[in-house]
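Here's the letter readout for the chains.
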Amino acid sequence: ESTSVKTRQSPVSRARRRPSVPSLSPDTDNTYPWIEKVLPTRLEAIRDAEGDVMERLERLGYDEDHQFAIRLAFEEALVNAMKHGNCMEPSRRVALAYRVSPECIQIRVRDDGEGFNHTCVPDPTIDENLQRPCGRGIMLMRSYMDTVQYACRGREVRMVKFRRSSDGGAAP
């Protein structure tokens, strides 16, 4: 039987390992401004927004692994907002805001739905849920992004992905 041992790290060593989470609210630094869009609840609308994000990532030199992770989480957040939040209702919209800088990408996606409690979503990796189609998108977002937070009673997801070099440190 295996046992796990938890080691305590000092706040200083933790701070070195995990970059601080940048503010997810617009600020006065316009070097890398927030891009805000309102999307119709149509899955086809994701493609244009995704293209702009990917172009910005490429322009700033994000590697293929980061681009893959960000694209997957970005798509999942928008699909979840449209399908689960807005119930594919054409009169509802999805608010999207993102900011791409050399250090990280910050993404906010908000739907017009009723919201949900993300802690009540079943774990899709346990045996009884393997055949159920719920929870996989949230699991993927959490796996590929450095932070995933919910606000507005679950109507808004906020995600951050830090750019790191291949050795695990901050990228130039």
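Just so it is clear, the structure is predicted and the values come from calculations on it, not from any experiment.

Peer 1: Explain the environment of Cys-87 to me, and be specific about the residues and the numbers.
Peer 2: One can find Cys-87 in the loop between helix H3 (64-85) and strand S2 (93-100). The exposure class assigned to Cys-87 is exposed, which follows from its relative accessible area of 54%. Here the alpha-carbon distance between Cys-87 and Asp-111, two residues 24 residues apart in the chain, equals 9.8 Å.

Peer 1: Residues and numbers for the pairing of strand S5 (residues 156-162), please.
Peer 2: Counting buried residues along S5, 6 of its 7 residues qualify, which places the element largely inside the surrounding structure. In the sheet, strand S3 (residues 104-110) pairs with S5 via 7 bridges, with the strands oriented antiparallel. Across the sheet, Val-109 pairs through a bridge with Val-157, a residue of S5. Relative to S5, strand S4 (residues 147-151) runs antiparallel, the two sharing 5 bridges. Looking at the pairing, Thr-147 lines up with Val-160 of S5. Linking S4 to S5, which pair antiparallel, is a turn of 4 residues; within it Cys-152 sits at a positive phi near 55 degrees.

Peer 1: Now, about the packing of helix H2 (residues 45-59) against H3: what can you tell me, with residues and values included?
Peer 2: At a minimum axis separation of 11 Å, H2 and H3 run at an interaxial angle of 155 degrees. Relative to H3, the element H2 is oriented roughly antiparallel. For the element pair H2 and H3, the recorded crossing hand is right-handed. Across the interface between the two elements, Ala-45, Ile-46, Ala-49, Glu-50, Val-53, Met-54, Leu-57 and Glu-58 of H2 pack against Gln-67, Ile-70, Arg-71, Phe-74, Glu-75, Leu-78, Val-79 and Met-82 of H3. Here the residues of the contact of H2 with H3 sort into 11 nonpolar, 1 polar and 4 charged.

Peer 1: Account for a negative patch on the surface, with residues named and values stated.
Peer 2: Together, Glu-58, Asp-63, Glu-64 and Asp-65 make up a negatively charged patch on the protein surface. Along the polypeptide, Asp-63 turns up in the loop between H2 and H3. For Asp-63, a relative accessible area of 34% gives the class partly exposed.

Peer 1: Go over the packing of aromatic side chains with me, naming the residues and quoting the values.
Peer 2: By the definition in use, this model includes 2 aromatic pairs. Ring plane angle 80 degrees and centroid distance 5.7 Å describe the contact between Phe-68 and Tyr-144, whose orientation is recorded as edge-to-face. On the criterion of sequence distance, the pair formed by Phe-68 in helix H3 and Tyr-144 in helix H4 (residues 136-144) is long-range, its members being 76 residues apart. Between Phe-74 and Tyr-98 the ring centres are 6.4 Å apart and the planes differ by 90 degrees, which places this aromatic pair in the edge-to-face class. A residue pair is termed long-range when its members are at least 10 positions apart, and Phe-74 in helix H3 and Tyr-98 in strand S2 qualify at 24 residues. The exposure class of Phe-74 is buried, given its relative accessible area of 1%. Across from the ring centre of Trp-34, 4.3 Å away, lies the NZ or CZ of Arg-108, which sits over that ring.

Thresholds, definitions, all that
Residue numbers restart at each chain and count upward from 1, following the sequence in its written direction. For a predicted model such as this one, the threshold for reporting local features is a pLDDT of at least 70, and the threshold for listing and counting side-chain atom pairs is 80 or more; totals across whole chains, interfaces and linings nevertheless cover every residue. Water and hydrogen atoms were dropped before computing side-chain values, which therefore reflect all heavy atoms in the structure. Helix and strand definitions here come from DSSP, where helices need a minimum of 4 consecutive H or I residues and strands a minimum of 2 consecutive E residues; each element is numbered from the N-terminal end. Per-residue accessibility, obtained with a 1.4 Å probe over protein chains only, is compared with the maximum for each type, and a residue is labelled buried under 20%, exposed over 50%, and partly exposed between these values. Between any two strands, pairing holds if DSSP finds at least two bridges. Only C-alpha atoms enter the line fits that serve as axes; for helices the fit covers just the stretch in contact. Angles between N-to-C directions range over 0 to 180 degrees. Each angle receives one of four descriptions, namely roughly parallel if under 35 degrees, roughly antiparallel if over 145, roughly perpendicular if within 65 to 115, and oblique otherwise. Take the far helix as the reference: if the near one is turned anticlockwise from it by less than a right angle, the crossing is left-handed, and if turned clockwise, right-handed. Two residues form a contact once any of their heavy atoms are found within 4.5 Å. When residues are sorted by character, Ala, Val, Leu, Ile, Met, Phe, Trp, Tyr, Cys and Pro go into the nonpolar class, Asp, Glu, Lys and Arg into the charged class, and all the rest, Gly among them, into the polar class. A patch consists of residues exposed above 30% relative accessible area that lack any salt bridge, with like charges linked at up to 9 Å and nonpolar side chains (Val, Leu, Ile, Met, Phe, Trp, Tyr) linked at up to 5 Å. The accessible surface values rely on the Shrake-Rupley method and a 1.4 Å probe; as for residues, cover is taken only from the protein chains in view. We define a salt bridge as a contact between a side-chain nitrogen of Lys or Arg and a carboxyl oxygen of Asp or Glu at a distance within 4 Å. In summary, the charge assignment counts Lys and Arg as positive and Asp and Glu as negative, without counting His or the chain termini. In plain terms, the charge of a residue is placed at NZ if it is Lys, CZ if Arg, CG if Asp and CD if Glu. Ring pairs shown here join Phe, Tyr and Trp side chains whose ring centres sit within 6.5 Å, with only the six-membered ring taken for Trp; geometry is labelled stacked below 30 degrees between planes, edge-to-face above 60, and tilted in between. Any Lys NZ or Arg CZ found within 6 Å of a ring centre and within 35 degrees of that ring's normal is scored as a charge over the ring.

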